[in-house]
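# Report on the structure
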Amino acid sequence: MIQKTWWKILAVVLLLYAFIGGLLLPVPRLPIVNESIRNLYYHVPMWFGMMVIMTVSVVNAILYLRSKNLLYDIRSGAYANTGIILGILGLVTGAIWANYAWGAPWSNDIKQILAAIALLIYLAYFVLRSSIDDMDKKARVSAVYNIFAYAMLFPTLFILPRLYDSLHPGGEGNPALSQQDIDPTMRMVFWPAVLGWTLFSVWITTLFVRYRKILDKNILHV
Amino acid sequence: MYKLYAFLFSAIVMLIPAMLMAQPNGPVEMADGLRSSGKIYVVVAVIVTLFTGLVLYIISLDRKISKLEKESDQSHR
């Protein structure tokens, strides 16, 4: 049996709605982006999902440091893994979209550069994890590093890009995706898509965590 | 004379925003043909099929892991 099914069904329903509604519902007719404005439903949820998943990861890192229970370390690492995949997908889909909207896949836009830096900070987390053999030491050091990496995530994705001109919309003094930035009909698809992708990522991560729990059963004493 | 210059200058200054606003106002090109011919539903059907297949695959993985969990619980006791 599938464990605790309802939120997995919700994730699938929300994503189906995002795929069907995202392609069929009306969108504003804007120059330059034209029909590619629908990428908002697919490219941006990668970043929002990544931020939620990385938050879960850092919470588990803190829980590990408080309890020294290795289960939290497994969770923290697994969520960071899923988060980095969402981030890489966000960067790649952004480059594909930018190739058509801005004329080049990489324009050294401030948000592109800082998003890449945020990903590199998290990639170092995995280098750190794989370089320490002792399980407890690995868990402790990587949990502390996770907190530092998380502390840089929101500055690099939200705060620092505001100090410079960006090709991305929504950076002009107001918070991104404020009332004026996104059309009301698009909001009806965008937010369900964010929730759907986030829940779907959580589902995949729980599979990995459960697999690791079986593998490391002798160490975990659960 | 000075008043005339001032008037002309301010008139030109006031026109600048209007000139900046005057972008080509033709209809924005969208994929209307794809929609009216109904071919967009083909794309939607393909995406929904792909996603359904992936979800079924993840469900089967989920079930296999549940089975492993049960087995490892029994062997541990």
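In this report, we go over the structure that sits alongside the text. Since we're looking at a predicted model, the values are computed, not measured.

## With respect to the overall build of chain A
Looking only at helices and strands, chain A features 7 helices and 0 strands. Beginning at the N terminus, the succession of helices and strands in chain A can be written as α-α-α-α-α-α-α. Against the compact-globule benchmark of 17 Å for 222 residues, chain A has a radius of gyration of 19 Å, which places it among compact chains. The principal-axis extent of the C-alpha atoms belonging to chain A is close to 60 × 40 × 25 Å. For chain A, the proportion of its 222 residues judged to be buried stands at 33%. For chain A, long-range pairs separated by at least 24 residues make up 75% of all intrachain contacts whose partners lie at least 6 apart in sequence.

## A closer look at the overall build of chain B
Of regular secondary structure, chain B possesses 3 helices and 0 strands. The order of helices and strands in chain B, counted from the N terminus, is α-α-α. A buried classification covers 3% of the 77 residues belonging to chain B.

## Structural notes on the interface of chain B and chain A
Between chain B and chain A, the contact holds 22 residues from the first and 22 residues from the second. Partitioned by chemical class, the residues of the side of chain B that touches chain A number 15 nonpolar, 3 polar and 4 charged.

About the thresholds
Residues numbered from 1 in each chain as written. Chains lettered and ligands numbered in written order. Predicted model: local features only at pLDDT ≥ 70, side-chain atom pairs only at ≥ 80, totals over all residues. Helix = DSSP H or I, 4+ residues; strand = E, 2+ residues; numbered from the N terminus. Rg over C-alpha atoms; globule rule 2.2 N^0.38 Å. Buried ≥ 20, exposed ≤ 12 C-beta atoms within 10 Å, placed from the backbone. Contact = placed C-beta atoms within 7 Å. Nonpolar A, V, L, I, M, F, W, Y, C, P; charged D, E, K, R; others polar.

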